[in-house]
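# A closer look at the structure
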Amino acid sequence: MKKVYDFSAAKRGAVIPAEGKTRITIYLDDAVIEKYKSRSEKMGKGYQTLINDALRENLGFEPEVLTATMLRKILREELAQSE
């Protein structure tokens, strides 16, 4: 292993987009964000996920059923982040 690496010519790799999701910029009231961040700490879920869930519920989407395949995918992602 080298003591010093030169990253001056390095390029950032492509970010793999989440399937079925689109990154957007949206402006929300500070109070709304703070409320969802507070809820996220209590629930152990990300505040953006909570906002997405609220929007889906308001639009009348049926809750997604957690399948074994989906659970495996979630666990792999979480384990990869903790390494």
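Residues numbered from 1 in each chain as written. Predicted model: local features only at pLDDT ≥ 70, side-chain atom pairs only at ≥ 80, totals over all residues. Heavy atoms only, no water.

Helix and strand counts for the protein chain come out as three helices and zero strands. Reading the secondary structure of the protein chain in the N-to-C direction produces α-α-α. For 83 residues, the compact-globule estimate of 2.2 N^0.38 gives 12 Å, and the protein chain exceeds it by more than 25% at 18 Å. Here the protein chain holds 83 residues, and the buried ones make up 6% of them. Put simply, the protein chain has 15 plus and 13 minus side-chain charges, and the middle of one group is 6 Å from the middle of the other. (Helix = DSSP H or I, 4+ residues; strand = E, 2+ residues; numbered from the N terminus. Rg over C-alpha atoms; globule rule 2.2 N^0.38 Å. Buried < 20%, exposed > 50% of the residue type's maximum accessible area, 1.4 Å probe, protein only. Lys, Arg positive; Asp, Glu negative; His and termini not counted. Charge placed at Lys NZ, Arg CZ, Asp CG, Glu CD.)

Helical periodicity: at 3.6 residues per turn, an α-helix aligns residues three or four positions apart in one direction. Given a rise of 1.5 Å per residue, 14 residues ought to cover 20 Å, and the 20 Å separating the end C-alpha atoms of helix α1 (residues 30-43) matches this to within 8%. Within the sequence span of α1, burial applies to Ile33, Tyr36 and Ser40. Down the axis of α1, the buried side of the element spans an arc of 70°, and every buried residue falls inside it. Seen from the open side of α1, the exposed residues pointing more than 90 degrees away from its buried face are Asp30, Ala31, Lys35, Glu41 and Lys42. Lining the buried residues of α1 we find α2 (47-58). Downstream of α1 by one or two residues, Gly44 has phi in the positive range, about 75°. (Expected span 1.5 Å × (residues − 1). Arc of directions from axis to C-beta. Contact = heavy atoms within 4.5 Å.)

Let's shift gears to the confidence of the model for the protein chain. For any part of a model where pLDDT is low, the fine detail of the predicted coordinates should not be relied upon. Looking at the protein chain as a whole, the pLDDT averages 90, with 99% of positions reaching at least 70. Of all secondary-structure elements in the protein chain, the lowest mean pLDDT belongs to helix α3 (residues 68-82), at 87, while α1 reaches the highest, 97. (pLDDT = per-residue confidence, 0-100.)

In this section: the packing of aromatic side chains. Aromatic rings considered in pairs are described by the distance between their centres and by the relative angle of their planes. Applying the stated criterion across every chain yields a total of one aromatic pair. Between Arg56 and the ring centre of Phe61, over which it is positioned, the NZ or CZ distance is 4.4 Å. (Phe/Tyr/Trp six-rings, centres within 6.5 Å; stacked < 30°, edge-to-face > 60°. Lys NZ or Arg CZ within 6 Å of the ring centre and 35° of its normal.)

Our focus in this paragraph is a nonpolar patch on the surface. Taken together, the side chains of Leu66, Met70, Leu71, Ile74, Leu75 and Leu79 make up a nonpolar region of the molecular surface, amounting to roughly 530 Å² of accessible area. Within the secondary structure, Leu66 sits in the loop between α2 and α3. (Patch = residues over 30% accessible without salt bridge, like charges linked within 9 Å, V, L, I, M, F, W, Y side chains within 5 Å. Areas by Shrake-Rupley, 256 points an atom, 1.4 Å probe, with all protein chains shown as cover. Salt bridge = Lys/Arg side-chain N within 4 Å of Asp/Glu carboxyl O.)

Okay, the environment of Lys21 next. Relative to the assigned elements, Lys21 resides in the segment before α1. Note on Lys21: relative accessible area 58%, which makes it exposed.

By the definition in use, this model includes two salt bridges. Across the pair Asp53 and Lys45 runs a salt bridge whose closest N-O atoms are separated by 2.9 Å. Here Arg56 and Glu64 are joined by a salt bridge, their closest N and O atoms 3.8 Å apart. Owing to a relative accessible area of 58%, Glu64 belongs among the exposed residues under this scheme.

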